[in-house]
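Structural overview
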Amino acid sequence: MGAGELETAVRRRDAEAVTALLEAGADPETRTDDGLPVLCLAVAAYDAAVARALVEGGADPDRGLPDGTTALVRAIDGGSPAVTKAVLGREPRLGLPEARRAYLLALARDRYERGAEAVLRDRAGGTGSVRECRVEDDEYDHVTQLTLGDVTVRAGHGAILTDLEWAFRVLTPVEELVARAVAPRDHDHVDRSSARWVLGERRSKETWSAVTAYRHSPDPEHRHFVLDVLACYQLTQSSRRNSYEKETADLLVAWAAEGEGDPSVLAEVLRVLSEVEHREAEAVGLRHAGHPDPRVRAQVPGLLLGWDDTRPTFGRAARAALLELAGDDHGRVRALTGGALAAAHDGSSECTDAVVALLRDPVAEVRDRTAEAAAEGTDGTAAVADALAALLDEDDLGTRLTAAYGLLRRNDPRTGEAIDRVGSHTRPGFEHDHRLAALWRWEWDHKDRADHQEREHPGHPDHPDHQGHPDHQGHEA
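Now for a look at the structure at hand. (Residues numbered from 1 in each chain as written. Predicted model: local features only at pLDDT ≥ 70, side-chain atom pairs only at ≥ 80, totals over all residues. Heavy atoms only, no water.)

**Quick word on the overall build of the chain**
Put simply, the test is: The secondary structure listing takes helices from DSSP runs of H or I that are at least 4 residues long and strands from runs of E that are at least 2 residues long, numbered from the N terminus. In this setup the radius of gyration rests on C-alpha atoms only. A globule is expected at 2.2 Å times the number of residues raised to 0.38. The buried label applies to any residue whose accessible area, calculated with a 1.4 Å probe on protein chains only, is under 20% of its type's maximum; exposed applies above 50%, and partly exposed to all values in between. Contact criterion: two residues are considered in contact whenever any of their non-hydrogen atoms come within 4.5 Å of each other. Methods summary: accessible areas were calculated by the Shrake-Rupley approach with a probe of 1.4 Å, and residue burial reflects only the protein chains presented.
On a plain count of helices and strands, the chain comes out with 27 helices and five strands. Against the globule reference of 23 Å for 477 residues, the chain gives a C-alpha radius of gyration of 30 Å, more extended than a compact globule. Relative to its full complement of 477 residues, the chain shows a buried share of 50%. Taking contacts inside the chain between residues at least 6 apart in sequence as the whole, the part at least 24 apart equals 62%. Of the roughly 23800 Å² of accessible surface on the chain, a fraction of 49% belongs to carbon and sulfur atoms.

What follows is the structure, encoded as structure tokens:
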């Protein structure tokens, strides 16, 4: 297996090819012409997928290099949490001696405290203008990337420090993690997401109490971060015993009742509350249905729905509030209200009129959200079906797809025409869409049925009576 093939695959950023070559016997420690292992190529290119493939294929991330660094050190310097985690590999605490772990932690802390620009200038050896841009570090988070000359550094050292501490089983004080999380003042920053994830994994009462105490902070960024962590607790429940679901619900209800002065924080309080169960959730929603900020009102519909067996429902007070919100002057509020009304349609004429109006709303998001819920709903209202059929004229493929799917689920006679209006079933980004799969099945089933009916016709060649038909008698005589 030629070393050149592996280097070419690494430079091509082809992780699948790298894995295949390593499985076929390629040396994971293959060196380039400058004497560096190909892992350093992946690190320099910020290619986490290829770096992970090389490390999992046997490349040593902490093998010493001629300049005294290692691929892992270079990854930490580079400031990408995604690349650093890829190079770190699985169970690094077992593969690295204690002294080495301490060194790497000190290195990450130094880079974080000095800041990415200082690290960049040290490496570039220049005093020119630094170019900055926002880049995706992984599929969920972004980071600021700084470039001076031909040297690039990413400003994710806070996340790297947090990730290393967790990987090496260092329990960082909660206040330090919170400070790292809010420092960028950016809810999508990697430093924030790493701190959120680690705190979401730490399920002790001490950590819970220390985190939630920040809901009384005068800084709204602190209060926002508390809600981030609470949402993370619900997304990553490891067991009912330490899920903190009840504690979260009680805290959120109390938070809303005590009052929250920042509308963006209050909206998030209501959103997270809608993800858990609490007997007071509807009452909280009703109290905020008339809030002056549309961000808050938009979260109310999610609090007004209950569940009866497997379908959403609403009570009389909730129904009245939703019908009022359906006429809200803000499109986002109408969109989320339309989703709630269509999902829990009770068959009343008032509910039907509201859903139909929202399906005809001038704002595309309102039509889309309402159509998605109506398509999945159980009502058999003809007016709603007609409004869905009208959406087949939309330019947006997703909207047409939703409309056709809704008609299919209602066994509407316009389903075949609707599927034709959707167009090609092979679309990038829709490969695993359940709506398209349903359209495929419908067409397949109806093709089979049509073929069967055709075969049952006396004139079809496969019909049992076909050979006795006078037009097909033998003429040998």
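There is more to say after this.
**Some words on the packing of aromatic side chains**
The condition is simple: When the centres of two rings from Phe, Tyr and Trp lie within 6.5 Å, Trp using its six-membered ring, the rings pair. Their planes under 30 degrees apart give stacked, over 60 give edge-to-face, and anything left gives tilted.
This model, assessed by the stated rule, comprises four aromatic pairs. A centroid spacing of 4.8 Å and a plane angle of 10° characterise the contact between tryptophan 208 and tyrosine 244, whose relative ring orientation is stacked. Taken together, the residues span a long stretch of sequence, with tryptophan 208 in helix α13 (residues 205-212) and tyrosine 244 in the loop between α14 (220-235) and α15 (245-258) at a distance of 36 residues. Residue tryptophan 208 shares its accessibility class with tyrosine 244, and that shared class is buried. Taking 5.3 Å as the distance between ring centres and 85° as the angle between the ring planes, the aromatic pair formed by tyrosine 233 and tyrosine 244 counts as edge-to-face. With tyrosine 233 in helix α14 and tyrosine 244 in the loop between α14 and α15, this residue pair connects regions lying 11 residues apart in the sequence. Tyrosine 233 sits in the buried class, given a relative accessible area of 1%.

**Some words on the environment of threonine 144**
Structurally, threonine 144 can be placed in strand β2 (residues 142-148). Using a relative accessible area of 27% as the deciding quantity, one classes threonine 144 as partly exposed. Threonine 144 sits 299 residues away from glutamate 443 along the chain, and the two C-alpha atoms are 48 Å apart.

**Overview of the side chain of aspartate 328**
By the element assignment, aspartate 328 lies in the loop between α20 (316-325) and α21 (331-343). Ignoring sequence-local partners within four residues, the contact set of aspartate 328 consists of Arg297, Val333 and Arg334.

**Focus: the environment of valine 366**
Here valine 366 lies in helix α23 (residues 364-376). Judged by its relative accessible area of 0%, valine 366 is buried. When the C-alpha positions of valine 366 and histidine 278 are compared, they lie 28 Å apart, and in sequence the two are 88 residues distant. Residues within four places of valine 366 in sequence aside, it is in contact with Gly331, Arg334, Ala335, Leu358 and Asp361.

**Looking at helix α5 (residues 71-78)**
Of all the eight residues making up α5, seven are buried; the element is thus mostly covered by neighbouring parts of the structure. Those residues of α5 lying buried are Ala71, Leu72, Val73, Ala75, Ile76, Asp77 and Gly78. Remark: glycine 79 follows α5 within two positions and exhibits a positive phi of approximately 80°.

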